[in-house]
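# Geometric and topological summary
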Amino acid sequence: AFVALITVCCRAALSCRAIRPAAAARSDPARPLRLAVDVRRILRDDRPRLLFVTHDWGGGVEKHVAELAELISGSACVLTLRPDKGGRLLLSWQKKNEGFDLVFRPDKDYPLLIETLRAFDIQRVHYHHIVALPERVMDIPRDLGNLPYDFTVHDYYLACPRIHLATLLQEY
């Protein structure tokens, strides 16, 4: 399982750098080794692995995600999926002082994302926010074999595109 997951992670690492893979390799030649070590550490952890899905806007949702991951850290290992500023998806280890991350292009790398999540044996998906995420992200539980999932409503995004039910003049 370890070798297969390392292969998937390295494919993901190379895929997100498809435009300039040689430059990326020169700028961070130790990345594949760090990925291998991090993957080994995550896989050796016998706690269930959960996937938190959120936005990249920070604020209260980000604080809640970090606090929840810390709160359950004794009983679960949390990976987080969020968009980045370039419209890609960033999969990271939601653990203090960890730098594990993989970047996926949603239009081309979705099957690779699913393969990666499957290799990590994700047991449950917890949606915290879906703003700025491709619709296909909502298919992750189904695409991983009908996993259970949760959806925490943090604001009014599902009912109002302005999120906080305010007009442009900040009136309700």
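As the structure is a prediction and not an experimental result, all values here were calculated from the model.

Attention shifts here to the pairing of strand S2 (residues 77-83). Counting buried positions over the 7 residues of S2 gives 7, a clear majority of the element. What you see with S2 is no split at all: Cys77, Leu79, Leu81 and Pro83 on one side and Val78, Thr80 and Arg82 on the other are buried throughout. In this structure, strand S1 (residues 49-53) lies alongside S2, joined through 5 bridges in parallel fashion. Pairing of Val53 across the sheet is with Leu81, part of S2. Across 5 bridges, S2 lies against strand S3 (residues 89-93) in antiparallel orientation. Residue pairing in the sheet places Leu81 in a bridge with Leu91 of S3.

Here the chain averages 77 in pLDDT, while 67% of its residues score no lower than 70. Between residues 17-22, whose pLDDT stays under 50, and residues either more than four places distant or in other chains, the model counts 3 contacts.

Moving on: the pairing of S1. The buried count for S1 comes to 5 of 5 residues, which makes it a mostly enclosed element. On S1, burial covers both faces: Arg49, Leu51 and Val53 on one face and Leu50 and Phe52 on the other are all buried. Sheet topology note: the S1/strand S5 (residues 122-127) ladder contains 5 bridges and is parallel. Paired with Phe52 across the two strands is His126, which belongs to S5.

Attention shifts here to helix H3 (residues 31-44). With 14 residues, H3 ought to run about 20 Å at 1.5 Å a step, and its terminal C-alpha atoms sit 20 Å apart, in line with that. The set of residues buried in H3 consists of Arg31, Leu35, Ala36, Asp38, Val39 and Ile42.

Mapping Ser92 onto the fold places it in strand S3. What makes Ser92 buried here is its relative accessible area of 10%. Beyond its immediate stretch of four places on either side in the chain, Ser92 contacts Val78, Leu79, Thr80, Arg82, Phe100 and Asp101.

Turning our eyes to something else, we now look at helix H5 (residues 106-119). Across its 14 residues, H5 extends 18 Å between first and last C-alpha, which sits within 8% of the 20 Å expected from 1.5 Å per residue. Helix geometry: H5 is bent most strongly at Leu112, by close to 30°. Along H5, the residues that are buried comprise Asp109, Tyr110, Leu112, Leu113, Ile114, Thr116 and Leu117. Positive backbone phi, at 55°, marks Asp121, one or two positions downstream of H5.

We now examine the nonpolar core. In this structure, Leu51, Leu81, Ile122 and Ile140 are the most contacted members of the largest nonpolar core, which totals 29 residues. At the level of secondary structure, the elements contributing two or more residues to this core comprise H3, S1, S2, S3, strand S4 (101-104), H5 and S5. Excluding anything up to four places from it in sequence, Ile140 contacts Leu51, Leu81, Tyr110, Leu113, Ile114, Leu117, Val125 and Tyr127. If you look at the next biggest cluster of nonpolar residues, it comprises 7 residues, including Leu50, Phe52, Ala69 and Ile72.

Calculation criteria
Residues numbered from 1 in each chain as written. Predicted model: local features only at pLDDT ≥ 70, side-chain atom pairs only at ≥ 80, totals over all residues. Heavy atoms only, no water. Buried < 20%, exposed > 50% of the residue type's maximum accessible area, 1.4 Å probe, protein only. Helix = DSSP H or I, 4+ residues; strand = E, 2+ residues; numbered from the N terminus. Pairing = 2+ DSSP bridges. pLDDT = per-residue confidence, 0-100. Contact = heavy atoms within 4.5 Å. Expected span 1.5 Å × (residues − 1). Bend = angle between axes of the 7 residues up to and from the residue. Core = buried A, V, L, I, M, F, W, Y, C linked by side-chain atoms within 4.5 Å.

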